[in-house]
Amino acid sequence: MLPISLRIPREVKAQLQKIARRFGTNPSTLGADYVTEGVRTTLHPSIEFRQTPAGRMAYVRGVRLAVWLVVETVEDCGGDVERAAKLLRLPQLLLKAALVYAKAFPEEIAADRDAGHRPIEELDALVPNHSFLRV
């Protein structure tokens, strides 16, 4: 990582500090994550980032679908993008955009996938005072 200096309004700094405390990190790390995500969403406009119990993850913009789930579904469909898109009820264009993002950041998606397969008991420990629906 390389250092960079940014000027932000006082109230934004205070909010960043508050959010960083809530997530158990420091404002510099959180700010760097936000800048990285901003650059990535500019380069991949169909992708957005969301906070999950397992951390921040890349999602297909406008739907409740993590990029790692798109990748897994395509794999489960033997690489058949059209079939995967139908199963996910997702336009092929968005599905392909998720695959392009996954190809650009394979380590991130692999880590998200591992986190997504964690046992629910581990998520309970990560998010105190929260209950998860068990089906």
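Residues numbered from 1 in each chain as written. Predicted model: local features only at pLDDT ≥ 70, side-chain atom pairs only at ≥ 80, totals over all residues. Heavy atoms only, no water.

## Things to note about the confidence of the model for the protein chain
Fine structural detail should not be taken from predicted coordinates in areas where pLDDT scores are low. Our working rule: Every residue gets a pLDDT, meaning the predictor's confidence in that residue, from 0 to 100. For the purposes of this entry, the term helix denotes a DSSP run of H or I that reaches at least four residues, the term strand denotes a run of E that reaches at least two, and both are numbered from the N terminus.
Across the protein chain, pLDDT averages 90, with 88% of residues at or above 70. Averaged pLDDT values over the elements of the protein chain bottom out at 62 in helix 7 (residues 120–126) and peak at 98 in helix 5 (residues 92–104).

## Quick look at the side chain of H44
Defined as follows: Pairs of residues are marked as contacts when any of their non-hydrogen atoms sit within 4.5 Å.
By the element assignment, H44 lies in the loop between helix 2 (27–43) and strand 1 (47–52). Excluding residues within four positions of it along the chain, H44 makes contact with V100, Y101, A104 and F105.

## Points about the pattern of salt bridges
Side chains that carry opposite charge are capable of pairing whenever their charged atoms lie near each other. Our working rule: Only one rule defines a salt bridge in this text: a Lys or Arg side-chain nitrogen within 4 Å of an Asp or Glu carboxyl oxygen. Three exposure classes are used, based on accessible area relative to the maximum for each residue type with a 1.4 Å probe and protein chains only: buried under 20%, partly exposed in between, and exposed over 50%.
Scanning all chains against the criterion turns up seven salt bridges. Note that R50 is salt-bridged to E48, the shortest N-O span being 2.3 Å. Relative accessible area serves as the criterion here: at 24%, R50 is assigned to the partly exposed category. Taking the shortest distance from any N to any O, the salt bridge between R113 and E72 comes out at 3.0 Å. On the criterion of sequence distance, the pair formed by R113 in helix 6 (residues 106–116) and E72 in helix 3 (residues 67–76) is long-range, its members being 41 residues apart. What makes R113 partly exposed here is its relative accessible area of 22%. Look at E72 and you get buried, because its relative accessible area is 14%. Each of E48, R50 and R61 takes part in one network of salt bridges that share partners.

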